[in-house]
Amino acid sequence: MKLYNIAVVGATGAVGEQIFEVLKEQNFPIGTLLPLASANSAGEEIEFNGKYYKVEVLTQDVFEGRDIDIAFFSAGGSISAEYAKYAVEAGALVIDNTSHFRMIENVPLVVPEVNPDDIGLWEETGIIANPNCSTIQMVQLLKPLNDLYPIKRVDVSTYQATSGAGKAGMEELVRQMEAFFNFKLDEYKKEAFVHQIAFNVIPHIDTPQPNGYTKEEMKMVLETNKIMHSAFAVSATCVRVPVLRSHSESITVTFEEGVVVDLEKAREALEKAENVTVIDDLANNQYPMPITSTDTDETYVGRIRKDIFSDNILHLWGVADQIRVGAATNAVRIAQKWIAMEENQ
């Protein structure tokens, strides 16, 4: 088996650390491993399969002469904007976990279970973009349903964990909880979120847009149609909840006029979907929750039901670990599909 030289930019961040875990679990065929980060993390060591690799500083010329085949970028959009081109120039495929390249027309935006053929478009720029975490888990559920019945509209409300804001977000929830139980919450300085997150729900993720939506909500709208090569309407309300890890979504799917949803066929389509697990037994208290999906690579779906007023509307509840499924695992799956395509040429 051919081995591939891998670089991970943002190696000490939440997604970077998870990429190493997924690579290890998947027995990814790694030759050399190059962990990269800012000067603040330089010199730290990453343990991988019993070996230790020193974190190096990301620079413009760090990829030169390293024979890197795949470079995973997960250090923020501004870092990708500045440094991804140097990895590409050195011959690497860049799989970017930030929002910077997602809506650039000639950069493929890929969820392997949904649009794997788009991976083949990587050669034009040398870059494949990883979608927003909330978009990934949603389109994994929409794809089999759209194959069954043509979708007209999707309305989604997200319940996004604090890990969506990285380590700082998770730490802020934990520290606020500690401060609350020590009767010192009024002394706690908010940093990761604009409002208290402990014992609260914040209907605001990312920057406001002129149309009244947030940037996070518009990501879900625009990315869904790019990934699915569709033009159906999407509306999103993105909410931060006091959960450490794994995003949940309440999704309403409206199919084209004249469609009469067969609930059993819809459930069967979801059961057969790749990397999707159905947990749907309300009478026995069985449905997906964040504790169900955390630290797994599946997207879980339940509460599957027809609308009580319209035959062409289906409601469902989806949950996935957004650090894995919504970032690291999706990136590694892209790399695996890319390798398979390259080796089959």
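Right above here is the structure, for reference.
Residues numbered from 1 in each chain as written. Predicted model: local features only at pLDDT ≥ 70, side-chain atom pairs only at ≥ 80, totals over all residues. Heavy atoms only, no water.

Caption draft 1: A look at helix H2 (residues 77-89). Counted at 1.5 Å a residue, the expected span for H2 with its 13 residues is 18 Å, and the 19 Å between its end C-alpha atoms agrees. Along H2, the helix axis deviates most sharply at Tyr83, where the bend reaches about 40°. Those residues of H2 not exposed but buried are Ser80, Tyr83, Ala84, Tyr86 and Ala87. Lining the buried residues of H2 we find strand S6 (70-73) and strand S7 (93-96). (Helix = DSSP H or I, 4+ residues; strand = E, 2+ residues; numbered from the N terminus. Expected span 1.5 Å × (residues − 1). Bend = angle between axes of the 7 residues up to and from the residue. Buried < 20%, exposed > 50% of the residue type's maximum accessible area, 1.4 Å probe, protein only. Contact = heavy atoms within 4.5 Å.)

Caption draft 2: Region of the structure containing the nonpolar core. Phe63, Ala71, Phe73, Leu142, Ile251 and Phe255 are the most contacted members of the largest nonpolar core, which totals 58 residues. Considering every element that reaches this core, the biggest residue donor is helix H3 (residues 133-148), with six residues. Phe28, Ile46, Val55 and Leu93 belong to the second-largest nonpolar core, a separate cluster that totals 31 residues. (Core = buried A, V, L, I, M, F, W, Y, C linked by side-chain atoms within 4.5 Å.)

Caption draft 3: Structural view of the environment of Gly10. Looking at the element boundaries, Gly10 is found in the loop between strand S1 (4-9) and helix H1 (14-25). The buried category is assigned to Gly10, whose relative accessible area is 9%. In this structure the C-alpha to C-alpha distance between Gly10 and Ala75, which are 65 residues apart in sequence, comes to 4.4 Å. When neighbours within four sequence positions are excluded, Gly10 is seen to be in contact with Gly16, Leu36, Ser74 and Ala75.

Caption draft 4: Inspection of the layout of surface pockets at higher detail. The calculated volume of the largest pocket comes to roughly 970 Å³. For the largest pocket, the lining is made up of 40 residues, of which Val15, Ser74, Gly76, Asn97 and Gly164 are closest to its centre. Mapped onto the lining of the largest pocket, the elements with two or more residues apiece are H1, strand S2 (30-37), H2, helix H5 (215-228) and helix H8 (324-343). No other element matches H2, which puts three residues into the lining of the largest pocket. (1 Å grid on protein atoms, 1.4 Å probe; cavity = no way out; pocket = protein on both sides within 12 Å on 5 of 7 lines; lining within 4 Å. Points joined across faces, edges and corners; volume = space filled by probe spheres on them.)

Caption draft 5: Main features of the packing of aromatic side chains. Enumeration according to the criterion identifies 10 aromatic pairs in this entry. A centroid spacing of 6.4 Å and a plane angle of 55° characterise the contact between Tyr83 and Tyr86, whose relative ring orientation is tilted. Of this pair, Tyr83 and Tyr86 both sit in helix H2, three residues apart, roughly one helical turn. A centroid spacing of 6.3 Å and a plane angle of 75° characterise the contact between Phe181 and Phe199, whose relative ring orientation is edge-to-face. On the criterion of sequence distance, the pair formed by Phe181 in helix H4 (residues 166-181) and Phe199 in the loop between H4 and H5 is long-range, its members being 18 residues apart. Residue Phe181 is classed as exposed on the basis of its relative accessible area, which comes to 54%. The structure contains a cluster of three or more aromatic residues connected by ring pairs, namely Tyr4, Trp122 and Trp338. (Phe/Tyr/Trp six-rings, centres within 6.5 Å; stacked < 30°, edge-to-face > 60°.)

Caption draft 6: Region of interest: the pairing of S1. Counting buried positions over the six residues of S1 gives six, a clear majority of the element. Residues Tyr4, Ile6 and Val8 line one face of S1 and the alternating positions Asn5, Ala7 and Val9 line the opposite face, and both faces are buried. Inspection of the sheet shows S1 paired to S2 by five bridges, in the parallel sense. Counted as the bridge partner of Val9 is Leu36 from S2. Read as a crossover between parallel neighbours, the route from S1 over H1 to S2 is right-handed. As paired strands, S1 and S6 are joined by four bridges and run parallel to one another. Bridge assignment links Ala7 to a residue of S6, and that residue is Ala71. (Pairing = 2+ DSSP bridges. Right-handed = clockwise from strand over helix to strand, strands pointing away.)

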